[in-house]
Amino acid sequence: VYDIDLLSQEISKICSYTNLINVDDFANCLFKSETDIFEFIEALLDKDISKVLEKSDEMIEAVTDQGLLLILLYQLHFLLVCQDCKEKNIYSTDTVLSILEMEDVLGKYLGEDYNKVTYQKKSQNPIRVKIEIGKRRLQSSKNICSMIELVVDTIIDLRDTGNKTLALPILFHKLVTV
């Protein structure tokens with residue numbers, strides 16, 4: 001997952017001093033945060049609050065607080081679907097991918113004008129699905145739903161009257177207790 005705005009800013013900075021861009025120019029950029037989010041999620045699921053707080057600071061610096069919450073929701077949804085499949089004894093990577101990509105729903109119904117609805121399928125990484133299906137998690141799908149609810153409640157609180165300096169650490173402490 002890359003923050004397009006940060007990537008665009010980084011490209012603009014590089015273009016200010018050269019006309020040629022290569023991969024090495026991006027080696028130390030903050031817009032690439034894939035590894036960090038997975039470490040952050042694993043720390044949450046392992047209930048390691050000190051690592052969660054440490055990683056959260058890095059993540060907020062890389063993708064902002066709103067970005068972190070949205071990525072966290074996306075990852076928790078992924079974990080929810082995988083965990084739910086495991087609880088239903090569905091271990092086929094193809095079947096789990098189909099559920100994640102909503103193949104059973106998307107494109108099935110006609111629009112208001114009785115024409116076929118066009119959509120863009122959000123494809124998932126099959127290797128990541130296979131890895132997650134193979135992991136033993138302490139959290140049930142019910143626990144992951146509770147985590148999603150806590151994140152959504154925090155987003156609502158932050159939009160209404162919240163203080164992110166207080167709300168995010170409180171959220172992370174709540175998440176590790178689920």
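No experiment lies behind these values; they were computed from the predicted model shown.

Conventions adopted
Residues numbered from 1 in each chain as written. Predicted model: local features only at pLDDT ≥ 70, side-chain atom pairs only at ≥ 80, totals over all residues. Heavy atoms only, no water. Buried < 20%, exposed > 50% of the residue type's maximum accessible area, 1.4 Å probe, protein only. Helix = DSSP H or I, 4+ residues; strand = E, 2+ residues; numbered from the N terminus. Arc of directions from axis to C-beta. Contact = heavy atoms within 4.5 Å. Disulfide = S-S within 2.5 Å. 1 Å grid on protein atoms, 1.4 Å probe; cavity = no way out; pocket = protein on both sides within 12 Å on 5 of 7 lines; lining within 4 Å. Points joined across faces, edges and corners; volume = space filled by probe spheres on them. Nonpolar A, V, L, I, M, F, W, Y, C, P; charged D, E, K, R; others polar. Axes fitted to C-alpha atoms, helices over the stretch in contact; angles between N-to-C directions. Parallel < 35°, antiparallel > 145°, perpendicular 65-115°, else oblique. Left-handed = near helix turned anticlockwise from the far one by under 90°. Salt bridge = Lys/Arg side-chain N within 4 Å of Asp/Glu carboxyl O.

(A) Representation of helix H4 (residues 93–100) within the structure. When H4 is considered as a whole, its buried residues turn out to be Thr 93, Val 96, Leu 97 and Leu 100. Around the axis of H4, the buried residues are gathered within 100° of arc, so they sit on the same side. Packed against the buried residues of H4 are helix H3 (49–87) and helix H5 (126–134). Count one or two residues on from H4 and you reach Met 102, which has phi positive near 55°.

(B) How the structure looks around the state of the cysteines. A full pass over the atoms with the stated rule returns zero disulfides. Of all cysteine sulfurs in the structure, the one in Cys 82 sits closest to Cys 85, which takes part in no disulfide; the separation is 6.6 Å. A residue is classified by how much of its surface remains accessible, and Cys 85, at 2% relative accessible area, is buried.

(C) The arrangement of the layout of surface pockets in detail. The calculated volume of the second largest pocket comes to roughly 220 Å³. What lines the second largest pocket is a set of 13 residues, among which Phe 38, Arg 128, Ile 131, Glu 132 and Lys 135 lie closest to the centre. Of all the secondary-structure elements, those providing two or more residues to the lining of the second largest pocket are helix H2 (34–45), H3 and H5. For the lining of the second largest pocket, the leading source of residues is H5, giving four residues. Each residue belonging to the lining of the second largest pocket can be placed in one class, and the counts come to six nonpolar, two polar and five charged.

(D) Geometry of the packing of H3 against helix H7 (residues 164–177). H7 packs onto H3 with a crossing angle of 120° between their chain directions and a minimal axis gap of 11 Å. Between H3 and H7, the crossing angle belongs to the class labelled oblique. Note on packing geometry: the crossing formed by H3 with H7 is right-handed. Residues Ile 49, Val 52, Leu 53, Ser 56, Ile 60, Asp 65, Leu 68, Leu 69 and Leu 72 of H3 pack against Lys 164, Leu 168, Pro 169, Leu 171, Phe 172, His 173, Leu 175 and Val 176 of H7.

(E) Region of the structure containing unusual backbone geometry. Unusually for a residue other than glycine, Lys 47 sits at a positive phi of about 60°. When you line up the elements, Lys 47 lands in the loop between H2 and H3. The exposure class assigned to Lys 47 is partly exposed, which follows from its relative accessible area of 37%.

(F) Examining the pattern of salt bridges more closely. Per the stated rule, a full pass over the model turns up seven salt bridges. Between Lys 55 and Glu 39 there is a salt bridge, with its nearest N and O atoms 2.6 Å apart. Taken together, the positions of Lys 55 in helix H3 and Glu 39 in helix H2 put the pair 16 residues apart, joining distant regions of the chain. Residue Glu 39 is classed as partly exposed on the basis of its relative accessible area, which comes to 28%. Across the pair Lys 88 and Asp 84 runs a salt bridge whose closest N-O atoms are separated by 3.1 Å. Residue classification places Lys 88 among the exposed positions, given a relative accessible area of 55%. Take Asp 84: its relative accessible area is 26%, and that puts it in the partly exposed class. Counted as one network, the salt bridges with shared partners bring together Glu 42, Lys 86, Glu 132, Lys 135 and Arg 137.

Nothing here speaks to function; it is all geometry.
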